[in-house]
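Spelled out, the chains give:
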Amino acid sequence: ELNGSGTGYIFKGIGEYIGSELNVANSHKALPIYTISANAFENADNLTKITIPEGFTSIGENAFLNCSNLETIVLPRNLVHIGSQAFYNCVHLKNVTIGDCVKDIYKNAFDNCANLENLTIGNSIASIGYDSFHFCSSLKEVLIPDSVKYIGAYAFTYCKELSKVTIGENVERIGKRAFFHCELLANVIIPITVKSIEENAFGDCTLQKVEFVNYVG
């Protein structure tokens, strides 16, 4: 589908494609494809690996919702937008690298990615939305970059294997139950610039060490 400005295309879906691996095309009729539309791959449980090439800047909401066998997703470095619930319930997804052009992680973006073990959050992220990584129960360590100002409510709730969290120097607010029931969470590094830690942000954790750090000093 041609976008509103007529300068490129929107990838709408895969139709009756039954393969397990897919390399998404980056052009159509001599024009680039910039966007994966909302719900484009929803319920495509045949897919195990998807490569999105350079040039794509946006992944719509619910784009990969319930891709229950998806193990590998290769995201372009210049991706700017990942919509809400984009990878919701991709229970076999193991590794995610969010590039340095993405500004925000929207609500439920990676909710219930139960086998997600390795997460890299890019250095331009300003906020981590509500329930973004809820029930990512295989995630063991999280490094929140310095660009982040807000960690949303329930963002990492029930990440039961999470044992270490480092929070970047510009975070100002940690939302309600952001790390609730991260039952192995023993070590947290928090900058002294944090202005608000909301109700039960670290409830039901087995914290042994909380270190407040003055990065400036």
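Just above sits the structure.
This structure is a prediction, so every number in the text was calculated from the model and none was measured.

Criteria and thresholds
Residues numbered from 1 in each chain as written. Predicted model: local features only at pLDDT ≥ 70, side-chain atom pairs only at ≥ 80, totals over all residues. Heavy atoms only, no water. Core = buried A, V, L, I, M, F, W, Y, C linked by side-chain atoms within 4.5 Å. Buried < 20%, exposed > 50% of the residue type's maximum accessible area, 1.4 Å probe, protein only. Helix = DSSP H or I, 4+ residues; strand = E, 2+ residues; numbered from the N terminus. Contact = heavy atoms within 4.5 Å. Pairing = 2+ DSSP bridges. Axes fitted to C-alpha atoms, helices over the stretch in contact; angles between N-to-C directions. Patch = residues over 30% accessible without salt bridge, like charges linked within 9 Å, V, L, I, M, F, W, Y side chains within 5 Å. Areas by Shrake-Rupley, 256 points an atom, 1.4 Å probe, with all protein chains shown as cover. Salt bridge = Lys/Arg side-chain N within 4 Å of Asp/Glu carboxyl O. Polar contact = N/O pair within 3.5 Å; in protein donor to acceptor, adjacent residues only side chain to side chain.

## Structural notes on the nonpolar core
Note that soluble globular proteins tend to have their nonpolar side chains buried in a common cluster.
Alright, step 1. Formed by 64 residues in total, the largest nonpolar core has its most connected members in Phe41, Phe64, Phe87, Ile151, Phe156 and Phe179.
Alright, step 2. Those elements that place two or more of their residues in this core are β1 (9-11), β4 (31-36), β13 (141-144), β15 (164-167) and β17 (187-191).
Alright, step 3. Non-local contacts of Phe179, meaning those with residues more than four positions away in its chain, are made with Ile151, Phe156, Leu162, Val165, Ile174, Leu185, Ala201, Phe202, Gly203 and Cys205.

## Let's talk about the sheet that holds β15
Alright, step 1. Read across the open sheet, the four strands follow the order β13-β15-β17-β19; overall the sheet is parallel. Bordering the open sheet on either side are β13 and β19 (209-213), each of which pairs with just one other strand. On average, each strand axis in the sheet is inclined to that of its neighbour by 10°, with strand direction left out of account.
Alright, step 2. The pairing of β17 with β19 spans five bridges and is parallel. By the bridge assignment for β19, Ile190 is matched with Phe212.

## With respect to the side chain of Thr157
Alright, step 1. Tracing the chain through its elements places Thr157 in the loop between β14 (150-151) and β15.
Alright, step 2. By relative accessible area, which is 2% here, Thr157 ends up buried.
Alright, step 3. Dropping the residues within four chain positions of it, Thr157 is found in contact with Phe133, His134, Phe135, Arg177, Ala178 and Phe180.

## As for the environment of Val24
Alright, step 1. The residue Val24 is located in the loop between β2 (21-23) and β3 (27-28) in this model.
Alright, step 2. Using a relative accessible area of 6% as the deciding quantity, one classes Val24 as buried.
Alright, step 3. Separated by 81 residues in sequence, Val24 and Ile105 have C-alpha atoms that sit 22 Å apart.
Alright, step 4. Setting aside anything within four residues of it in sequence, one finds Val24 in contact with Phe11, Phe41, Ile50, Thr51, Ile52, Pro53 and Phe56.

## Focus on the pairing of β13
Alright, step 1. The two faces of β13 differ: Val142 and Ile144 on one face are buried, but Glu141 and Leu143 on the other face are not.
Alright, step 2. Summarising the sheet, β13 and β15 pair through four bridges and their orientation is parallel. The partner of Leu143 across the bridge, within β15, is Thr166.

## A closer look at a nonpolar patch on the surface
Alright, step 1. Together, Ile192, Ile197, Leu207, Val210 and Phe212 give the surface a local cluster of nonpolar side chains, amounting to about 430 Å² of exposed area.
Alright, step 2. By the secondary structure assignment, Leu207 is in the loop between β18 (196-197) and β19.
Alright, step 3. Under the relative-accessibility criterion, Leu207 is labelled partly exposed at 32%.

## Points about the pairing of β15
Alright, step 1. By the bridge criterion, three bridges tie β15 to β17 in an arrangement that is parallel. Its bridge partner lying in β17, Val165 is registered against Val188.

## Concerning the side chain of Ser132
Alright, step 1. Checked against the element boundaries, Ser132 lands in the loop between β12 (127-128) and β13.
Alright, step 2. Residue classification places Ser132 among the buried positions, given a relative accessible area of 0%.
Alright, step 3. Separated by 3.5 Å, the side chain of Ser132 and the backbone oxygen of Tyr106 make a polar contact.
Alright, step 4. Those residues in contact with Ser132, other than ones at most four positions away along the chain, are Ile105, Tyr106, Lys107, Asn108, Ala109, Phe110, Asp111 and Ala155.

## Comments concerning unusual backbone geometry
Most peptide bonds take the trans configuration, and most residues that are not glycine carry a negative phi.
Alright, step 1. Despite not being glycine, Ala30 has its phi angle at roughly 70°, a positive value.
Alright, step 2. Note that Ala30 resides in the loop between β3 and β4.
Alright, step 3. With a phi close to 60°, Asp131 is a non-glycine residue in the positive phi region.
Alright, step 4. In this fold, Asp131 is placed in the loop between β12 and β13.

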